[in-house]
Amino acid sequence: MEASTADCLFCKIVAKEVPATVVRETGTALAFRDINPQAPTHVLVIPKEHHPTAAELAAASPALLADVITLAAEVAAEEGVGESGYRIVFNTGAHAGQTVFHVHAHLLGGRGLEWPPG
């Protein structure tokens, strides 16, 4: 693990150094249950490779970002929210609520999700 990612919680989850309830895993991405769920289905989907934000991931590897979205859609279907509807949220920056600076998609579903989400 690179020195800059040595203290990253999600890098430690990818490395199996920190436990998580894994829902699904591919060669490039990992999906696991959020420890503080905000909906009946609340799964985090991350690239295994460290990128701080969605914008940085998109600039560095659009294909990897596509893998994250594809895995989120597959998990939504497996969790039974693919048909009823779900939300994929990327918080980018501290002001938007990002607390772990390893890009992650929140997959939320299983209840009505209001708009605007604020």
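Predicted, not measured: the structure shown is a model, and the values here were computed from it.

K.L.:
Before we go on, may I ask you to explain the overall build of the protein chain in this structure?
P.N.:
Secondary structure assignment for the protein chain yields three helices and five strands. Counted from the first residue to the last, the protein chain has its helices and strands arranged as α-β-β-β-α-α-β-β. The C-alpha radius of gyration of the protein chain comes to 14 Å, within 12% of the 13 Å expected for a compact globule of 118 residues. Considered along the principal axes of its C-alpha atoms, the protein chain spans approximately 40 × 30 × 25 Å. Residue burial in the protein chain is summarised as follows: out of 118 residues, 35% are buried. Contacts in the protein chain between residues far apart in sequence, at least 24 positions, make up 50% of those at least 6 positions apart. Surface exposure of the protein chain reaches about 6,500 Å², of which carbon and sulfur atoms provide 55%. Averaging the coordinates of the 7 positive side-chain charges in the protein chain and doing the same for the 13 negative ones gives two points 5 Å apart.

K.L.:
Could you clarify how one ought to interpret the pattern of salt bridges in this entry?
P.N.:
Close approach of charged atoms lets side chains of opposite charge pair. Scanning the model with the defined rule gives five salt bridges in all. Residue R33 is joined to E79 by a salt bridge in which the shortest nitrogen-to-oxygen separation is 2.9 Å. Linking R33 in strand 2 (residues 29-33) with E79 in the loop between helix 3 (62-78) and strand 4 (86-89), this pair joins segments that are 46 residues apart in sequence. The partly exposed category is assigned to R33, whose relative accessible area is 32%. The partly exposed category is assigned to E79, whose relative accessible area is 24%. The network of salt bridges with common partners includes K16, E25 and K48.

K.L.:
Help me understand the nonpolar core in this model?
P.N.:
Generally speaking, soluble globular proteins have nonpolar side chains that are buried together. Residues A29, A31, V43, V45, V68, L71, A72, V75, A76, V81, A105 and L107 constitute the largest nonpolar core, which totals 12 residues. Considering each element in turn, this core owes the most residues, five residues, to helix 3. Each residue touching L107, except ones within four places of it in the same chain, is listed here: T41, H42, V43, A72, V75, A76, Y86, R87 and I88. Grouped together as the second largest cluster of nonpolar side chains are nine residues, F10, I13, L44 and I46 included.

K.L.:
Please explain the environment of Y86 as it appears in this structure.
P.N.:
Along the chain, Y86 falls in strand 4. Through-space distance from the C-alpha of Y86 to that of A72 is 9.8 Å; in sequence the pair is 14 residues apart. Those residues in contact with Y86, other than ones at most four positions away along the chain, are A73, A76, V81, L107, L108, G109 and L113.

What counts, and at which threshold
Residues numbered from 1 in each chain as written. Predicted model: local features only at pLDDT ≥ 70, side-chain atom pairs only at ≥ 80, totals over all residues. Heavy atoms only, no water. Helix = DSSP H or I, 4+ residues; strand = E, 2+ residues; numbered from the N terminus. Rg over C-alpha atoms; globule rule 2.2 N^0.38 Å. Buried < 20%, exposed > 50% of the residue type's maximum accessible area, 1.4 Å probe, protein only. Contact = heavy atoms within 4.5 Å. Areas by Shrake-Rupley, 256 points an atom, 1.4 Å probe, with all protein chains shown as cover. Lys, Arg positive; Asp, Glu negative; His and termini not counted. Charge placed at Lys NZ, Arg CZ, Asp CG, Glu CD. Salt bridge = Lys/Arg side-chain N within 4 Å of Asp/Glu carboxyl O. Core = buried A, V, L, I, M, F, W, Y, C linked by side-chain atoms within 4.5 Å.

Everything listed here is a matter of geometry and, on its own, says nothing about what the molecule does.
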